[in-house]
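Reading the structure
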Amino acid sequence: VLLMLKIKKENFIFGIDTIQVNSPTESEVTKSNCGFLSQDPKKVKGGQWQYVLNPDKESGKAVVCYSDFINSYNRMTKALQLNSPRITRVDYRLDTKLYEYSDFRKLNALLLCLVSLTFGGAYKNRYNNSDILVPLEKAVKFTTQYYAGEFYNKAIQEPQGDVKSRLEMRLLKPFNDRHIDPSKGFDVIVNKF
């Protein structure tokens, strides 16, 4: 089946799906009254507050250009009036509105397995995620301390949306308690591929 697909780059959308930002600023906003928050802010260690931001929701369209992401990021942190914001997690996504999860499941499972092996260490948390009531696989994924990857059936997760499947690579936390530079983080992930 895969060999019969005519894969074209126009059928895929790449961008930063969400970012997590830590700041000492406590904001009164919630997910219900701020459209670009993916969850309510929460207090984390070190007197910091954690905000999960969605640049697509802030801009009203899929953000696929890095300069557009930076502009969206600046608008979001300004709107929340965050002092000293630090990016502590970045989720990169590759979406398709054309291909079903099953079209790329085997290829992406292999890709995620191989990428997980590049992170070193003896044990990697690699698994399939299925619904126990319906024999339908939702995702294949791996996680490590600093990185994660997942290929999932977006049509099941968000049936009202138009994205059918998503490959997502995640930088889960910064090294040495600094911040994540999304551009350099992308380079790290590309090198792993």
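Residues numbered from 1 in each chain as written. Predicted model: local features only at pLDDT ≥ 70, side-chain atom pairs only at ≥ 80, totals over all residues. Heavy atoms only, no water.

**Thoughts on helix 5 (residues 182-192)**
Note the threshold: Relative accessibility thresholds used throughout: buried, under 20% of the residue-type maximum; exposed, over 50%; partly exposed, between the two (1.4 Å probe, protein chains only). Secondary structure follows DSSP: runs of H or I at least 4 residues long count as helices, runs of E at least 2 residues long count as strands, and numbering of each begins at the N terminus. What the arc covers is the set of directions going from the helix axis to the C-beta atoms. Residue contacts are defined here by distance: any two heavy atoms, one from each residue, within 4.5 Å place the two residues in contact. Any pair of N or O atoms that falls within 3.5 Å is considered a polar contact. Within protein, one atom must be able to donate a hydrogen and the other to accept it, and sequence-neighbouring residues count only if both atoms are side-chain atoms.
Residues Pro182, Gly185 and Ile189 constitute the buried set of helix 5. Projection of helix 5 onto a plane perpendicular to its axis shows the buried side chains occupying an angular sector of 60°, all on one side. Among the exposed residues of helix 5, those pointing more than 90 degrees away from its buried face are Lys184 and Asn191. Buried residues belonging to helix 5 abut strand 1 (12-23), helix 2 (66-79), strand 4 (86-96) and strand 8 (165-171). A side-chain oxygen of the first residue of helix 5 lies 2.9 Å from the backbone nitrogen of serine 183; this N-cap is aspartate 181.

**Things to note about the sheet that holds strand 6 (residues 137-143)**
The criterion, for reference: Note on pairing: DSSP must find at least two bridges between two strands before they are called paired. The axes used here are C-alpha line fits, helices contributing only the stretch in contact, and every angle between their N-to-C directions lies in the interval 0 to 180 degrees.
Taken together, the 8 strands give an open sheet; going across it, the order is 2-3-1-4-8-7-6-5, and neighbouring strands pair in antiparallel fashion. Whereas interior strands pair on both sides, the edge strands pair on one side only; in this sheet they are strand 2 (42-44) and strand 5 (125-130). Taken over all neighbouring pairs, the strand axes of this sheet differ in orientation by 20° on average, direction set aside. Of the strand pairs in this sheet, strand 1 and strand 4 are connected by 10 bridges, and their pairing is antiparallel. Among the inter-strand pairings, isoleucine 13 is bridged to a residue of strand 4, identified as aspartate 95. Running at roughly 30° to strand 1, helix 2 makes contact with strand 1, strand 3 (48-53) and strand 4 of the sheet. In the packing of helix 3 (residues 101-117) onto the sheet, the strands contacted are strand 1, strand 5, strand 6, strand 7 (147-152) and strand 8, and the crossing angle to strand 6 comes to about 15°.

**A closer look at the nonpolar core**
Where we set the bar: Definition used in this section: a nonpolar core is a set of buried Ala, Val, Leu, Ile, Met, Phe, Trp, Tyr and Cys residues joined via side-chain atoms within 4.5 Å.
Judged by nonpolar contacts, the single largest core of 34 residues is most densely connected at Ile19, Leu53 and Leu80. Ranked by residues supplied to this core, first place goes to helix 3 with 5 residues. Residue contacts for isoleucine 19: discarding those within four places in its chain leaves Tyr51, Val52, Leu53, Phe69, Tyr73, Arg89 and Val90.

**A few points about the packing of aromatic side chains**
Put simply, the rule reads: Pairing of aromatic side chains requires ring centres within 6.5 Å, counting the rings of Phe and Tyr and the six-membered ring of Trp. Pairs whose planes differ by under 30 degrees are stacked, by over 60 edge-to-face, and all others tilted.
Per the counting criterion, the structure on display carries 9 aromatic pairs. A centroid spacing of 5.2 Å and a plane angle of 55° characterise the contact between phenylalanine 14 and phenylalanine 186, whose relative ring orientation is tilted. With phenylalanine 14 in strand 1 and phenylalanine 186 in helix 5, this pair connects stretches of sequence that are 172 residues apart. With relative accessibility at 31%, the residue phenylalanine 186 sits in the partly exposed group. The interplanar angle of 10° and the centroid separation of 4.9 Å between the aromatic rings of tyrosine 101 and phenylalanine 151 together place this pair among those described as stacked. Note that tyrosine 101 is positioned in helix 3 and phenylalanine 151 in strand 7, a separation of 50 residues in sequence.

**Examining unusual backbone geometry**
Despite not being glycine, glutamine 81 shows a phi value in the positive range, around 55°. Even without glycine at this site, serine 84 takes up a positive phi of about 45°. Mapping serine 84 onto the fold places it in the loop between helix 2 and strand 4. Looking at serine 84, the relative accessible area reads 56%, which means it is exposed.

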